[in-house]
Amino acid sequence: MSSSYTMSVLLLLLFVQMVIGAAPLNHFCSTTSGNFTPYSPYDQSLNKLLGNLHYKTPPNGFGMGSVGQYQAQTFGLSLCRGDVSSEDCMSCFVNASAEIHKRCPNNKAATIWYDQCLLKYSDSNFFGKIDDQGTFYLLNVNNVSDPNLLNLATKRLLSDLSNTAYADPKMYAAGVTDLEGPKKLYGLVQCSRDLSSGDCKSCLDDAISHLPSCCDGKEGGRVVGGSCNIRYETYPFINV
Ligand SMILES: *[C@@H]1O[C@H](CO)[C@@H](O)[C@H](O)[C@H]1NC(C)=O
Ligand SMILES: *[C@@H]1O[C@H](CO)[C@@H](O)[C@H](O)[C@H]1NC(C)=O
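Basis of the calculations
- Residues numbered from 1 in each chain as written.
- Chains lettered and ligands numbered in written order.
- Predicted model: local features only at pLDDT ≥ 70, side-chain atom pairs only at ≥ 80, totals over all residues.
- Heavy atoms only, no water.
- UniProt positions renumbered as here; feature names shortened; annotations may be inferred.
- Phe/Tyr/Trp six-rings, centres within 6.5 Å; stacked < 30°, edge-to-face > 60°.
- Helix = DSSP H or I, 4+ residues; strand = E, 2+ residues; numbered from the N terminus.
- Buried < 20%, exposed > 50% of the residue type's maximum accessible area, 1.4 Å probe, protein only.
- Lys NZ or Arg CZ within 6 Å of the ring centre and 35° of its normal.
- Disulfide = S-S within 2.5 Å.

- Per an unreviewed UniProt entry, the protein chain carries the name Gnk2-homologous domain-containing protein and comes from Deinandra increscens subsp. villosa.
- Listed in UniProt under the heading Subcellular location (unreviewed entry), the comment for the protein chain reads: "Secreted".
- The UniProt entry for the protein chain carries this comment under Sequence similarities (unreviewed entry): "Belongs to the cysteine-rich repeat secretory protein family."

Overview of the packing of aromatic side chains
Here's step 1: A complete count under the given rule lists five aromatic pairs for this structure.
Here's step 2: Where Phe 75 meets Phe 127, the ring centres are 5.8 Å apart and the plane angle is 80°; that geometry is what we call edge-to-face. One end of the pair, Phe 75, is in strand S3 (residues 74–80); the other, Phe 127, is in the loop between strand S5 (117–122) and strand S6 (136–143), and 52 residues separate them in sequence.
Here's step 3: On the numbers, 5.1 Å between centres and 75° between planes, the contact of Trp 113 with Phe 136 is edge-to-face. You can see Trp 113 sitting in strand S4 (residues 110–113) and its partner Phe 136 sitting in strand S6, a full 23 residues away along the chain. Comparing Trp 113 with Phe 136, the two get one shared label, buried.
Here's step 4: Ring pairs connect the aromatic residues Phe 75, Phe 126 and Phe 127, which therefore count as one cluster.
Here's step 5: When the ring centre of Tyr 42 is taken as reference, the NZ or CZ atom of Lys 108 above it lies at 5.6 Å.

Side note on the state of the cysteines
Here's step 1: Under the definition given, this model contains six disulfides.
Here's step 2: One disulfide bridge connects Cys 92 with Cys 117, the sulfur atoms lying 2.2 Å from each other. For the disulfide bridge between Cys 92 and Cys 117, the dihedral angle about the S-S bond is near -85°, and by the sign convention the bridge is left-handed. Here Cys 92, found in helix H3 (residues 86–103), pairs with Cys 117, found in strand S5; they are 25 residues apart in sequence, far enough to count as distant.
Here's step 3: Judged by its relative accessible area of 5%, Cys 117 falls in the buried class.
Here's step 4: Residue pairing for Cys 191: its cysteine sulfur links by disulfide to Cys 200, the two sulfurs lying 2.1 Å apart. Where Cys 191 bonds to Cys 200 through sulfur, the torsion about that S-S bond is close to 85°, and the disulfide is right-handed. Residues Cys 191 and Cys 200 agree in their burial class; the two are buried.
Here's step 5: Each disulfide of the protein chain joins two cysteines, and with those cysteines numbered along the sequence the arrangement is 1-5, 2-3, 4-6, 7-8, 9-12, 10-11.

The structure is reproduced here in structure tokens:
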């Protein structure tokens, strides 16, 4: 194989990785909240809310707020992954607000998830409530050689991280533990900071309880919801 061929393949892989890295993981357009008309007062509130979140979120990775009154009132929040720089947080927020507009153009309530951030808004006040609407799983389909060992280690690591995260002001924790031999297991847990610490704990406990149905014996997995998410992998995926 010529080295320029190898180089092209590597560049192609890198490009695919960048494109995938920038794409949303998922989105949820709520049908129960109904739709709004373009240029209506609700639309104006939503634009103003997104403007507020745009400057509130990057400095500390979290922003929440409400704009408007009565039928035109909207509530929203945005959250960046705990290890993400404010530049990447800003870039993720900008992408999320453009993309949610395309995917859920007139929905009063919607959520969009990226690897590095989450953006959510609604016409009803959802602050402080555990949101498991639209919860989804992502997994690495490769099976590990010793599923029992991995399942146990995963549960232990993510439970330990949850105990740290719910008591932390950022409601985020990431860490690594040894598997057999040179292998390691990396984990991350995070709650949206509108939750109380008690609700953060129950959200994470619930997500961990999904592991057997989502990710039994798999090399990596995530349980992602509107209020919290957990992830484990056998390779380093976080900036620590
Ligand atoms: C935002 O989108 C641009 C263009 O698609 C992409 O290059 C960038 O990596 C994205 N940022 C994040 C944080 O996803
Ligand atoms: C993993 O194991 C399951 C159950 O034994 C099997 O159906 C599946 O094909 C395996 N996946 C891979 C990627 O080998």
